[in-house]
Amino acid sequence: ISDYVATAEKINALDHIPAIELNISCPNVKEGGMAFGTSCVSAAEVVKEVRKVYKKHLMVKLSPNVTSIQEIALAVEGAGADSVSLINTLMGMAVNVKPVLSTVTGGLSGPCVKPVALRMVWQVAKVVKIPVVGLGGISCANDAIEFLLAGASAIQIGTANFIDPTVTIKVIDGINDYLDRNGFKSVKEIIGLI
């Protein structure tokens, strides 16, 4: 926790960084990371400690590798998170005579995780009062629209950027086209329609 706190304190002092995403859910490191994000107690503890030193917008990135994503979301909301982002990668493994990843197991991302991510965004959006940022398998405008309909206030695109560096612009254009075709004046009108 002390590393998270020290880093957050340094970033808090910087004028041009209005927010941080606190990743308590990374499966790609041997120590820390996901260990904080898999229990309500440890997730709340790290958020509470970071919140003491970080006074700007604190987004907390949640792990899908948990029993109840809603309980974790409520715990970090109660500890001072301003928003949550989900999901981080699912635990996976790749073998080619020997493990491919230096950590043996690691994060699985891309289109294959979208159904899990979409379900978890929908579940969390129903129980928290803070904004939910959806991510996990978004590679086109339709994917992003699904996350918004499920309750995400915003979305993040990760893996798809490696395939098409212009994907973000295409997604924005596609969302705007969808809104125009369906008579919506703002993206806010479609958030959580499901």
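Residues numbered from 1 in each chain as written. Predicted model: local features only at pLDDT ≥ 70, side-chain atom pairs only at ≥ 80, totals over all residues. Heavy atoms only, no water.

**A short note on the overall build of the protein chain**
Thought 1: The helix and strand inventory of the protein chain stands at eight helices and nine strands.
Thought 2: For 194 residues, the compact-globule estimate of 2.2 N^0.38 gives 16 Å, and the protein chain sits close to it at 17 Å.
Thought 3: Each principal axis of the C-alpha atoms in the protein chain carries an extent, and together these give about 50 × 50 × 35 Å.
Thought 4: By the burial criterion, 44% of the 194 residues in the protein chain qualify as buried.
Thought 5: Long-range contacts, defined here as pairs at least 24 residues apart, represent 66% of the contacts in the protein chain between residues at least 6 apart. (Helix = DSSP H or I, 4+ residues; strand = E, 2+ residues; numbered from the N terminus. Rg over C-alpha atoms; globule rule 2.2 N^0.38 Å. Buried < 20%, exposed > 50% of the residue type's maximum accessible area, 1.4 Å probe, protein only. Contact = heavy atoms within 4.5 Å.)

**Overview of helix α4 (residues 69-78)**
Thought 1: Buried within α4 we find I69, I72, A73, A75, V76 and E77.
Thought 2: At the exit of α4 stands G80, carrying a positive phi of roughly 120°.

**Let's talk about a nonpolar patch on the surface**
Thought 1: Nonpolar side chains collect at one region of the surface, where M93, V95 and V104 lie side by side and expose about 280 Å² of accessible area between them.
Thought 2: For V104, the location among the structural elements is in the loop between β6 (98-99) and β7 (105-108). (Patch = residues over 30% accessible without salt bridge, like charges linked within 9 Å, V, L, I, M, F, W, Y side chains within 5 Å. Areas by Shrake-Rupley, 256 points an atom, 1.4 Å probe, with all protein chains shown as cover. Salt bridge = Lys/Arg side-chain N within 4 Å of Asp/Glu carboxyl O.)

**Re the side chain of N88**
Thought 1: Following the sequence through the fold, N88 ends up in the loop between β3 (83-86) and β4 (90-93).
Thought 2: Judged by relative accessible area, which is 9%, N88 ranks as buried.

**With respect to the packing of helix α5 (residues 114-125) against helix α6 (residues 141-149)**
Thought 1: Following both chains from N to C, one finds α5 and α6 inclined at 25°, their axes separated by 9 Å at the closest point. One way to sum up the angle between α5 and α6 is to call them roughly parallel. Seen from α5, the contacting residues are K114, A117, L118 and V121; seen from α6, they are D143, E146 and F147.
Thought 2: Tallied by class, the residues present in the contact of α5 with α6 amount to four nonpolar, no polar and three charged. (Axes fitted to C-alpha atoms, helices over the stretch in contact; angles between N-to-C directions. Parallel < 35°, antiparallel > 145°, perpendicular 65-115°, else oblique. Nonpolar A, V, L, I, M, F, W, Y, C, P; charged D, E, K, R; others polar.)

**Side note on the packing of α6 against helix α8 (residues 167-181)**
Thought 1: Following both chains from N to C, one finds α6 and α8 inclined at 60°, their axes separated by 8 Å at the closest point. With respect to each other, α6 and α8 are oriented oblique. With respect to the hand of their crossing, α6 and α8 are arranged in right-handed fashion. Taken together, the residues of α8 that come into contact with α6 (itself represented by A141, A144, I145, L148 and L149) are K170, V171, G174, I175 and Y178.
Thought 2: Of the residues contributing to the contact of α6 with α8, the split by class is eight nonpolar, one polar and one charged. (Left-handed = near helix turned anticlockwise from the far one by under 90°.)

**So, the pairing of β4**
Thought 1: Side chains L90 and G92 project from β4 onto a buried face, and the interleaved M91 and M93 project onto a face without burial.
Thought 2: Pairing of β4 with β7 involves four bridges; the strand directions are antiparallel. Directly across from M93, in β7, lies its bridge partner T105. (Pairing = 2+ DSSP bridges.)

**Focus: the packing of aromatic side chains**
Thought 1: Applying the stated rule across the entire model yields two aromatic pairs.
Thought 2: Residues Y4 and F36 carry aromatic rings whose centres are separated by 5.4 Å and whose planes lie at 80° to one another, so their mutual orientation is edge-to-face. One end of the pair, Y4, is in helix α1 (residues 2-12); the other, F36, is in helix α2 (residues 34-37), and 32 residues separate them in sequence.
Thought 3: Between Y178 and F184 the ring centres are 6.4 Å apart and the planes differ by 20°, which places this aromatic pair in the stacked class.
Thought 4: A relative accessible area of 21% means that F184 is categorised as partly exposed. (Phe/Tyr/Trp six-rings, centres within 6.5 Å; stacked < 30°, edge-to-face > 60°.)

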